[in-house]
Amino acid sequence: MINLIGYYTTQFGELWDKSLFDLVEEAINGVLKQTQLSNKQIDAVFFGNMLAGVLGNNLHSTSRISEILKVNIPIFRTEAACASGGAAFNLAKSYLEANSNKNVLVIGAEKMTDYSPEETITGLSAAASGEEQEAGLTFPGLYAMMANFYLEKYHYTEENLAYVSVKNHFHGSLNEKAHFRKKISVEDVLKSAYVAHPLKVLDSSPISDGAAAVILTNNRDLINKQKKSVSVLASEVVTDTISLKERKNLDEILATKNASNIAFEKAKIRRRDISVAEVHDCFSIAEILAMEDLGFWKKGEAGEKIKELSTKFGNGGSLIVNTSGGLKAAGHPVGATGIKQIGEVFLQLTGQAENRQVKNVKYGLAHNVGGSGGTAVVTILAI
Amino acid sequence: MISPIKIWRRQKEIRKILGKKGKILVWTKIFTPGTDFKKYAPYPVVMVELENKEKIYGQLVDYEKEDLKTGREVVSVLRKVREPSIDGVIAYGVKFKPL
């Protein structure tokens, strides 16, 4: 049995007074304090980060974390674009499966606002194929292609997509750690400027700074001692082609579909058992596709279903999605996102989600995507 | 980073896909580009299926608004694709124009 026993996240946003490693240090100290563990009780660290090498000329971050934590233990960095955090969590789980009685710290962090938007966009493009980069295709551009394809195939409009952002901004207004706390309307989304047609500013997650950390353990005594603890039922990583053009279907992310199927099989639960999910809404279209590819809604249906807002907190739905505000409103410091998603599910399962607490939550799911779908990580947690 | 060697290596591939006809599978128009493409924004990018079923990306040039749609027939042409690298070598690549 592998359990998650603590979570801490920094504020997400434009944190100009803090460096990447200031954020990492805050997240480490925060999660250690919460679990009342000392640095000496940590046996290994997994660090999810994408851009420190590309933007900050900071590599060998593992050694820097050794310096912060004042330990000499195995520390590993994982990179899988925006799924770097989810991938780090997956490796931490595998580490525990191979080693008994250990405590593992998983951190995700990103520093993105030290640079101009063009520089950060170029850095993020490193996770696209060479041909995509040469054509000037940005990540908004790749998701915009998927959006155009989806809207045309199922006869929806940009308005259908807008409801995702409206819902997630409402959730962000309830999360004090979120980058954006402002509620928005469908009209606000539709009036915002285009980033890559048909996606607009308010269809898109922001460029954010932030760090998040969790502690995983398979130490029985520690699990019994901790008041807040959830079990990790499944964490599955699936990869696919880096180029969007090499995929068979442009209206689905196959890696998500496969990771979800494997995760549910391993967790031995059904889709309808999940009451809270954090899904990867880097763009509004991404949540639409995720809801279908994770198996919650049928293919082609999400464009219509999202308008009912059944997945919005307070509407009495059986599945509430992105209570943190999602990437859209909570912010998207890429390496931190996958850990924040898992952390939000932990808060919900342990009754610590305060003014956005969903009632009677037994199972929760986190879904983290890298690139335009080249990596997907699906994690299922249970109380 | 773009280096003259990478540009040279890519050129050998580009010549094989010039003058090819195909149809637009999907399109977008980029308003917020990366550093090397800032000067060209906004610009449309299309995914094209060539007659041999191979798929290629490229920007659409010499176009009218109504050309930006699924199924439009296009042909691949040689164009400058980004700002010259620090060494001054100009990167040429594939773009498409409507037929």
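This is a predicted model, so every value here is computed, not measured.

What counts, and where the lines are drawn
- Residues numbered from 1 in each chain as written.
- Chains lettered and ligands numbered in written order.
- Predicted model: local features only at pLDDT ≥ 70, side-chain atom pairs only at ≥ 80, totals over all residues.
- Heavy atoms only, no water.
- Helix = DSSP H or I, 4+ residues; strand = E, 2+ residues; numbered from the N terminus.
- Rg over C-alpha atoms; globule rule 2.2 N^0.38 Å.
- Buried < 20%, exposed > 50% of the residue type's maximum accessible area, 1.4 Å probe, protein only.
- Contact = heavy atoms within 4.5 Å.
- Areas by Shrake-Rupley, 256 points an atom, 1.4 Å probe, with all protein chains shown as cover.
- Axes fitted to C-alpha atoms, helices over the stretch in contact; angles between N-to-C directions.
- Left-handed = near helix turned anticlockwise from the far one by under 90°.
- Nonpolar A, V, L, I, M, F, W, Y, C, P; charged D, E, K, R; others polar.
- 1 Å grid on protein atoms, 1.4 Å probe; cavity = no way out; pocket = protein on both sides within 12 Å on 5 of 7 lines; lining within 4 Å.
- Points joined across faces, edges and corners; volume = space filled by probe spheres on them.
- Phe/Tyr/Trp six-rings, centres within 6.5 Å; stacked < 30°, edge-to-face > 60°.
- Lys NZ or Arg CZ within 6 Å of the ring centre and 35° of its normal.
- Parallel < 35°, antiparallel > 145°, perpendicular 65-115°, else oblique.
- Salt bridge = Lys/Arg side-chain N within 4 Å of Asp/Glu carboxyl O.
- Pairing = 2+ DSSP bridges.
- Arc of directions from axis to C-beta.

Caption draft 1: Region of interest: the overall build of chain B. Along the backbone of chain B there are one helix and five strands. Put simply, chain B runs from its N terminus to its C terminus through helices and strands in the order α-β-β-β-β-β. Taking 2.2 N^0.38 as the reference for a compact globule, 99 residues should give roughly 13 Å; the C-alpha atoms of chain B span a radius of gyration of 14 Å, in line with that estimate. By principal-axis analysis of the C-alpha atoms, chain B measures approximately 40 × 30 × 20 Å. Burial statistics for chain B: of 99 residues in total, 41% are counted as buried. Of all intrachain contacts in chain B linking residues separated by at least 6 positions in sequence, the fraction that spans at least 24 positions is 55%. A total of about 5500 Å² of accessible surface is found on chain B, and carbon and sulfur atoms cover 54% of it.

Caption draft 2: Here's a closer look at the packing of helix H6 (residues 139–154) of chain A against helix H11 (residues 284–293) of chain A. Residues and elements named next belong to chain A. For the pair H6 and H11, the least separation of the axes is 9 Å and the interaxial angle reads 65 degrees. Note that H6 runs across H11; the crossing there is left-handed. On H11, the residues touching Tyr143, Met146, Ala147 and Tyr150 of H6 are Ile285, Ala286, Ile288, Leu289 and Glu292. Here the residues of the contact of H6 with H11 are counted per class, giving eight nonpolar, no polar and one charged.

Caption draft 3: Main features of the layout of surface pockets. The computed volume of the largest pocket comes to approximately 1000 Å³. Contributing to the lining of the largest pocket are 35 residues, with Gln133 of chain A together with Met1, Ile2, Asp36 and Arg82 of chain B lying nearest its centre. Mapped by element, the contributors of at least two residues to the lining of the largest pocket are helix H4 (117–125) and helix H5 (130–134) of chain A together with helix H1 (4–14) of chain B. Top contributing element to the lining of the largest pocket by residue count: H1 of chain B, with five residues.

Caption draft 4: Representation of the packing of aromatic side chains. Considering all chains together, one arrives at eight aromatic pairs over all chains under this definition. Ring centres of Tyr150 of chain A and Tyr156 of chain A lie 5.8 Å apart, and the angle between their planes is 20 degrees; this geometry places the pair in the stacked category. Note on accessibility: Tyr150 of chain A and Tyr156 of chain A belong to one class, buried. The aromatic ring of Tyr8 of chain A is capped on one face by Lys177 of chain A, whose charged end is 4.7 Å from the ring centroid. Over the face of the ring belonging to Trp8 of chain B we find Lys12 of chain B, whose NZ or CZ atom lies 4.2 Å from the ring centre.

Caption draft 5: Examining the packing of helix H1 (residues 20–35) of chain A against helix H2 (residues 61–69) of chain A more closely. Residues and elements named next belong to chain A. At a minimum axis distance of 11 Å, the contact between H1 and H2 shows a crossing angle of 50 degrees. Compared by their axis directions, H1 and H2 come out oblique. Here H1 runs over H2; the crossing is right-handed. On H2, the residues that touch Phe21, Val24, Glu25, Ile28 and Leu32 of H1 are Ser61, Arg64, Ile65, Ile68 and Leu69. Looking at the contact of H1 with H2, its residues break down into seven nonpolar, one polar and two charged.

Caption draft 6: Quick peek at the pattern of salt bridges. Residues and elements named next belong to chain A. Here the structure, examined in full by the defined rule, presents 26 salt bridges over all chains. Where Asp114 meets Lys111, a salt bridge forms, and the shortest distance between an N and an O atom there is 3.8 Å. Residue Asp114 is classed as partly exposed on the basis of its relative accessible area of 46%. Linked by salt bridges that have partners in common, Lys111, Asp114 and Asp209 make up one network.

Caption draft 7: Summary view of the sheet that holds strand E2 (residues 44–48) of chain A. All names here are of chain A. One open sheet holds the ten strands; their spatial order is E3-E2-E4-E7-E1-E8-E12-E11-E9-E10, and the pairing between them is mixed. Here the strands that pair on one side only, and so sit at the sheet edges, are strand E3 (75–78) and strand E10 (320–321). In the sheet, strand E8 (residues 230–239) pairs with strand E12 (residues 375–382) via eight bridges, with the strands oriented antiparallel. Pairing of Ala234 across the sheet is with Ile380, part of E12. This element, H2, spans E2, E3 and strand E4 (103–110) of the sheet and lies at about 135 degrees to E3.

Caption draft 8: Up close: H2 of chain A. Residues and elements named next belong to chain A. Buried within H2 are the following residues: Ser61, Thr62, Ile65, Ser66, Ile68 and Leu69. Along the axis of H2, the buried residues cluster in a sector spanning 165 degrees; they form a single face. Tucked inside the fold, the buried residues of H2 contact H1, E2, E3 and E4.

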